[in-house]
Amino acid sequence: MSGFRLKAAETGGKALHFTFDGKSFVGREGDTLASALMANGVSIVGRSFKYHRPRGIFTAGSEEPSALVTLRSGGRHEPNVRATEIELYEGLEARSQNRWPSVRFDLMAVNQLAGKAFSAGFYYKTFMGPRRAGHKATQFWYFCEQFIRRAAGLGKGATSADPDTYSRMNAWCDVLVIGAGAAGIAAAGRAASAGARVIMCDERARGGGSLTGAPELLDGQPAAEWASDAMEELAELDNVTILTRTTVQSMFDGDTYLAVERVNDHRDEPKRHQPRQRAWTIRAASTVIATGAIERPIVFAGNDRPGVMLADAARRYAVEYGVAPGRAVAVFTNNDTGWLAARDMARAGVIVSAIVDVRADVQDDVRKAGEESRAEIFLGAAITGTRGWQELQGAHVRDFHEVSNTLGGKKRFIGCDCIAVSGGWSPAFHLTSQQGGKPQWDAELQAFLPGEASANWFGAGAMAGKFGLRNAFRTGEEAAVRALTQAGFGEGESSVPVIEGDAIDYAPAPVLEINSPGKSFVDLQHDVTADDVRLAHREGFVSVEHLKRYTTLGMATDQGKTSNVTGLAIMAQTRDMSIPEVGTTRFRPPYTPVALATLAGEQYGHLSTVRRTPMHDWHVANGAHMYANGPWLRPESYNAPGETVEQAYIREARKVRESVGLVDVSTLGKIDVQGPDAAEFLNRIYSNGFAKLPVGKARYGLMLREDGFLFDDGTTWRLDEHRFLMTTTTAGAGHVMEHLEYHRDVVWPDLKVALTSVSDEWAGVAVAGPKSRQVLAACVTKCDVSNEALPFMGVRTGEIVGIPVWIARLSFSGEMAYEVYCGANWGQALWDALMAAGEKHDIVPYGLEALSTLRIEKGHVAGPELNGRTTPGDLGLQGMVSSKKNFVGAVLNNRPAMQAEDRLQLVAIRSIDGQRIIGGSHLVKGTKDEPGLSEGHTTSTCFSPALNAYISLALLERGRARFGEKMYATNPVRDSHVAVEVINPHMVDPKGARMHG
Amino acid sequence: MSRYSAWEILKNAVKGNRDWTPAWRRAEPKSAYDVIIIGGGGHGLSTAYYLAKVHGITNVAVVEKGYLGSGNVGRNTTIVRSNYRLTPNSRFYEKSMELWRELSHDLNYNVMFSPRGVLNLALTPGQMDTYAERGNQMRLMGVRSELLDRDQVARLNPGLDVSGSARFPIEGGLLQPDAGNARHDAVAWGYARAADQLGVDIIENCEVNGFLKEGGRITGVETTRGTIRAAKTGVAVAGNTGKVMKLAGIDNLPIESTVLQAFVSESIKPIIKNVVTFGAGHLYVSQSDKGGLVFGGNIDYYNSYAQRGNLPVWEEVISELLAMFPAFARVKLLRSWGGVMDMSMDGSPIITTGPIDGMYLNAGWCYGGFKATPASGWCFAHTIANDKASEYNETFTLERFKNGQSIDELGAGPTPWYH
Amino acid sequence: MKITCPYCGERDHREFTYRGDATAIRPSIDNTSLDDHQAFVYDRKNTAGTHRELWNHTSGCRTHVVVVRDTVSHEIFSCEPVGPFAKQLARNVAKLKGAGA
């Protein structure tokens, strides 16, 4: 193929400079990369996947299987872009891919020499490796695979992050119109006239669809002009939103559509403050699908040479882009549209050397079009092969008998550097097929039609098998009326233009393959040949899905848009069945490949929200290393300069035991439970009793799942007769809220309880240590914090520097301790006040590590022990499971297996020889080399300043009966094996004198 | 029928590939068999194969309502691993690994098992401890595992964001070096071909629409291709377990069906080595031999028998993928699809005799069924042949749920959509 | 999927949290039958077809609703509120509809 810019089109349009494989070219405003390459005579733009055969430009749209290039560079480097879709911009930089060293000379093309051996199913039958002792099949394949992997793959992925941004948009409308061709314009106009909110999407830069290059006159105007005016008129309406460069990619349940708008892909980089692409989620009351049809080829030997392209694509390059696809174009067709393509190309100045039609005869109008093209006409003939090295030089033509599907007569040669081929049209019903809509075969049109609607969509135009402009306008309006009715609107007004032009028959002859010697390609990207389809048949892979999976037909980046029906036709012929008997595969979303970042939208680079407590900035300013705890960031420890995390937490924990410390507990889940039945409700939720909790008291509570396993824990404070404040674990906050709401709404709607999540409303600080009361006493007003007035588990209100607070005397550390809560906005002020009040006691802030150390020393359980597989009994908390009342999980917690003594039970272990016990260790009896099986594992590990030893809480089989036993905490993946003694988990102050004091 | 080999390929190529024969016979159903397996997916076919090969029971039919391998065996993300925490799972999946390693030879069919390593990324020190606990359990069970630090992880998979400024900075990961992936369709086809060669009848387009019952015992099935009697009937229909078991009068099971979506990108040159999973959500990704990034994440939560899902899961899964690999931003999603998962109440499978005499049940695979294919078939065949579970599936009973002996790897409780 | 919340109107299902089979009902608080609890927790009909199920409008009004949905086609037939406010809500909705008409 040696395309060129047609004389008539040489003037006009701004010149745009671009490079392909480093070479500079000039294109024109309005070009796609494909048309610009074609205008510059570039014929080979890529290589096929398997055989690395040269590939040219096959289509003029999103169905392109061959012309894939890599665009841009650096973080914007993008592989596998269809040259037929990318709009040319100044400075565009493109490279061919899947070739080495160059696209014209690719050493990997040696693959094709393997020829017939490299057929479908090749890999399944070999590379199993020699079968001998000690040589696993796996190893041989794994060795070969790395070379195979390197040869496969198309373009290279980028290696750095994309600097562009992506966004998401949600939209609702009454009528969604997909496709802004003739049918879409008609539908949108009609729907808009009835007052419906309309969104119309089209994948091209401008609307109009086939009108942009159609020879017809509409209301006396050239079709392209008419379309342009019509689009403008629609755009001016308040109730119409037009999204161009926007592909509706998928249809989901409930008339929900994903559309991708390429906001800035036609520029070298996005405009400031604009995303590169935008993903629209459109929820429509009803939808008109007017996505047109996709031309398909006839398969013949040698049909993969660059220069073979679809007839309508060749026509569009000539008519719409002013580019001749070749010096001499031969048209090969089984239907009338090929003839019109020849005529239109000739009108644009392209030399059409031949029209080859498999049909013995055509109607007069069509013949006249052929005559106008001045081409040599071959009726009842077929192309049986092509000639050329890398570029097409000509084709062989023989007589063809359509009915018997046989070749005859002498082989004739026609010189051409482009074959424009048309095998008829396949309606583009991909969206409805994604939703499981079963297509129906139309024998007359030799095409699948979308079939019954399974949702509120209505097909129009070629998508529904209604070809031609007159049909498009009529069915577009009809579909709009049905959509309007569906969406609850009136019928609107009709405005169909007067159309002057060809009236042709779109039904093709049922010929989709010319079976002659030589490689005939069905899937151009994956190099699936007609022989591969027949081989699949021979090996029994005859169902459509097997055919597809065995040969990889239709699995390439184009998802077989131009090859599915031809592949089916060949299988049908081989099986001696009709095409619908063979079946059709379901199209999978998306319609065309979508950049991953577009689907991530604003979450690209921002995976999820970060939650910070009101005191966050203070923590960071004071040396805290912040630690991700679910969505929250919490201080791990406050490191003095040069201090390690371990040194810091040991210092902090020691200080708490000696004097006083404070810790930010704002992340705890907090739920306000109110109502006359609040106490009864909590009594049913918690495994221990809550009905009789006095006002002004808090209680530690356990929640079970309905299956009797532990769910969450925390303290709940009775603030008033009918009001409780429940605290939950940080991680469990959301789940507990849902758990409570479920039981309130669904299980016991008769209970009068209101639940409000107040986690974000309250900031919380725990003050712990023997001096904690003195610290509070120094700053709290309107509340007596003496032991008598505020005993252990007491809850009071008060003020600190004028801030109203709740003070609860709770202890997680085992020390005398208080939790102080205030409105979140005052959190920092509260913190500052407590720090100031503690100054003379040398108060320290402490982080999660110290918090954890203190509770481990005390034997208190937390997240690592509540792993979803433990019961209260396992953790030594059976005493908190009431046998006097019923509650969630009571019945199933009672099952014998849940109470068995051989379960893993909570213990502590202490390192015997001072070696560190490392997180994730298992408890075993054996040596490092022969550890034996696991009998349990550590859960929470630390160095205990109180015991001056490395300790850990652990879950151990029959653990409570094994205190005093010597074992090993083994950690082979961290290369450690530590001698430990099993001890009672209540290591510090088991009687609780310190916290009660 | 010929053995597959490189030599055979060359020989046939010379003859224009005209002498290849069907990979398996298109069998007509006989009136009776010793064993019928309902479900021509991976598990059903492997069961038939091991019944014939290990137990010498060759008078076996596999009945499949659609085309062979039309269910989850051809819809999964092809991951093969045994990096489990709980002993029953660990033993079972390691048995599977043992079979995987020899499978291509065993079947004379290249299933392309590729031990490229499965890497679980840890994002907090706490998660590193959790992974260490699992890695140690693996070691103690004789399964290789390695705890890697951030640099080691980055060296294996250069596209990973290990910057430390990531929303969830990567701390390291747990690697099972012997795990990897395999070519899913090849597993179905390889088992079918090998079972067929041992005399098993594989009957496609044969939907079961009833069971034959005599005196409380299942004695065969009614199908769209006629009545077929059998001494023993095994059910291995994954997501359709509920539907099929209802035909036998079993209305309730500890299983719910949901849809799991899978995704593949366009093909790009090799960029990631391992199968990689993300610790701050649910995401697994690997790169196929063709070059596509194959990935998936959470199920669509709601009950479903539709082999397609919805948009929220796309956005969630892809956001997580890009959080790990920001350089994949412009790589394009090519295709997504769905499969119906039989989510059990504890996330672990069921391979058991019963629940009716003459019947055997293989179900509850959640989304871990592919890697289990060899061991599942091996154990199910053993259970059918001996009327008793093997040592590898003795805990995979139906009773375990009600008895409080669930095997809850995640600790998520009896909420199937959380597993 | 779109779910029409009785409070908030038609919303995308992503605003809701799935809560499972609405026909699996917890035994009353006084019921201590092991069988009943086991059935509630573990037995599922797992219907292919019309399915009554619970959803919570978590990212909206947090109302629990019973949705009747086809598990094969995903078509949604109805959405009714449950909970202590359900009856009042139904009355309000009826009143609003009456006023609108």
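On a predicted model such as this, the values are computed, not experimentally measured, just so you know.

Rules of the game
Residues numbered from 1 in each chain as written. Chains lettered and ligands numbered in written order. Predicted model: local features only at pLDDT ≥ 70, side-chain atom pairs only at ≥ 80, totals over all residues. Heavy atoms only, no water. Helix = DSSP H or I, 4+ residues; strand = E, 2+ residues; numbered from the N terminus. Rg over C-alpha atoms; globule rule 2.2 N^0.38 Å. Buried < 20%, exposed > 50% of the residue type's maximum accessible area, 1.4 Å probe, protein only. Contact = heavy atoms within 4.5 Å. Lys, Arg positive; Asp, Glu negative; His and termini not counted. Charge placed at Lys NZ, Arg CZ, Asp CG, Glu CD. Pairing = 2+ DSSP bridges. Buried area = accessible area lost by both parts, 1.4 Å probe. Salt bridge = Lys/Arg side-chain N within 4 Å of Asp/Glu carboxyl O. Polar contact = N/O pair within 3.5 Å; in protein donor to acceptor, adjacent residues only side chain to side chain. Nonpolar A, V, L, I, M, F, W, Y, C, P; charged D, E, K, R; others polar. pLDDT = per-residue confidence, 0-100. Expected span 1.5 Å × (residues − 1). Bend = angle between axes of the 7 residues up to and from the residue. Axes fitted to C-alpha atoms, helices over the stretch in contact; angles between N-to-C directions. Parallel < 35°, antiparallel > 145°, perpendicular 65-115°, else oblique. Phe/Tyr/Trp six-rings, centres within 6.5 Å; stacked < 30°, edge-to-face > 60°.

1. Structural notes on the overall build of chain B
Along the backbone of chain B there are ten helices and 18 strands. For 419 residues, the compact-globule estimate of 2.2 N^0.38 gives 22 Å, and the C-alpha radius of gyration of chain B, at 21 Å, lies within 12% of that figure. Expressed along its principal axes, the backbone C-alpha trace of chain B runs to roughly 65 × 65 × 40 Å. In chain B, buried positions account for 70% of the 419 residues. Long-range pairs, those at least 24 residues apart, make up 74% of the contacts in chain B between residues at least 6 apart in sequence. Here chain B contributes 42 positive and 41 negative side-chain charges, whose respective centroids are spaced 5 Å apart.

2. Remarks on the sheet that holds strand β31 (residues 499-500) of chain A
Residue and element names in this part refer to chain A. Pairing is antiparallel in the open sheet, where three strands are placed in the order β12-β11-β31. The open sheet is flanked by β12 (221-222) and β31, the only strands paired with a single partner. Summarising the sheet, strand β11 (residues 217-218) and β31 pair through two bridges and their orientation is antiparallel. Bridging from a neighbouring strand, L217 pairs with E500 of β31.

3. What to know about the interface of chain C and chain A
Tallying the contact residues gives 31 residues for chain C and 30 residues for chain A. Counting each side, the surface lost to burial between chain C and chain A is near 2,600 Å², with a carbon and sulfur contribution of 56%. On the chain C side of the contact with chain A, K2, R26 and I29 of chain C bury the most area, a combined 25% of that side's loss. The interface formed by chain C and chain A includes four salt bridges. Put simply, chain C and chain A have eleven residue pairs in polar contact (both at pLDDT 80 or more) between them. At the level of secondary structure, the elements contributing two or more residues to the side of chain C that touches chain A comprise β2 (9-12), β3 (17-21), α1 (34-42) and β4 (50-56) of chain C. Element by element, the count of residues in the side of chain C that touches chain A is highest for α1 of chain C, at six residues. Of the residues assigned to the side of chain C that touches chain A, the class counts are nine nonpolar, 13 polar and nine charged.

4. Digging into the pattern of salt bridges
Enumeration according to the criterion identifies 91 salt bridges over all chains in this entry. The salt bridge involving R910 of chain A is made with E981 of chain A; its shortest N-O contact spans 3.5 Å. Pair noted here: R910 of chain A is in strand β49 (residues 904-911) and E981 of chain A is in strand β54 (residues 976-983), with a separation of 71 residues, a long-range link. In this structure, D289 of chain B engages R116 of chain B in a salt bridge whose closest nitrogen and oxygen atoms are separated by 3.2 Å. In this pair, D289 of chain B is assigned in the loop between β14 (284-287) and β15 (292-303) and R116 of chain B in the loop between α3 (87-107) and β4 (118-122), connecting sequence segments 173 residues apart.

5. Thoughts on the confidence of the model for chain B
Mean pLDDT over chain B works out to 95, with 100% of the residues at or above the 70 mark. Listed scores for the predicted complex are pTM 0.96 and ipTM 0.96.

6. A closer look at the environment of N405 of chain A
Residues and elements named next belong to chain A. With respect to the secondary-structure elements, N405 resides in the loop between β24 (392-401) and β25 (406-415). Overall, the relative accessible area of 29% leaves N405 in the partly exposed class. When the C-alpha atoms of N405 and M251 are compared, they prove to be 39 Å apart, with 154 residues separating the residues in sequence. Aside from chain neighbours lying at most four places away, what touches N405 is F400, E513 and Q573.

7. Re α3 of chain B
All names here are of chain B. Over its 21 residues, α3 runs 29 Å from end to end, which matches the ideal 30 Å to within 8%, given 1.5 Å per residue. Along α3, the helix axis deviates most sharply at R101, where the bend reaches about 45°. In the segment just after α3, N108 is the residue with positive phi, at about 55°.

8. Here's the deal with the packing of helix α2 (residues 42-55) of chain B against α3 of chain B
All names here are of chain B. Between α2 and α3, whose axes approach to 14 Å, the crossing angle comes to 80°. The angle between α2 and α3 places the two elements in the roughly perpendicular class. Contact with α2, carried on its side by Y49, Y50 and K53, involves L99, L103, D106 and L107 of α3 and no other residues of that element. Considered class by class, the residues forming the contact of α2 with α3 number five nonpolar, no polar and two charged.

9. Re the pairing of strand β16 (residues 332-344) of chain B
Where burial is concerned, most of β16 of chain B is hidden: 13 out of the 13 residues are buried. Pairing geometry for strand β34 (residues 594-595) of chain A and β16 of chain B, over two bridges, is antiparallel. Across the sheet, the residue bridging to A595 of chain A is K332 of chain B, located in β16 of chain B. Both strand β12 (residues 255-267) of chain B and β16 of chain B contribute to a ladder of eleven bridges, which runs antiparallel. Among the inter-strand pairings, T258 of chain B is bridged to a residue of β16 of chain B, identified as M341 of chain B.

10. Brief notes about the packing of aromatic side chains
Counted according to the given criterion, the structure contains 48 aromatic pairs over all chains. Centre to centre, the rings of Y317 of chain A and Y321 of chain A are 5.7 Å apart; their planes meet at 35°, and the pair counts as tilted. Here Y317 of chain A pairs with Y321 of chain A, and both are found in helix α6 (residues 311-321), just four residues apart, close to one helical turn. Taken as a pair, Y317 of chain A and Y321 of chain A share a single burial class, namely buried. One aromatic cluster in this structure is built from Y124, F541 and Y550 of chain A together with Y4, W20, W24, Y109 and W189 of chain B.

11. Comments concerning helix α3 (residues 137-151) of chain A
Think of an α-helix as 3.6 residues a turn; residues three or four steps apart then line up on the same face. Under the 1.5 Å per step criterion, the end-to-end length of α3 of chain A is 22 Å for 15 residues, consistent within 8% with the ideal 21 Å. Along α3 of chain A, the helix axis deviates most sharply at E145 of chain A, where the bend reaches about 30°. Looking at the buried side of α3 of chain A, the elements it contacts are α2 (122-125) of chain A together with α3 and β14 of chain B. Just beyond α3 of chain A, the residue with positive phi is G153 of chain A, at close to 80°.

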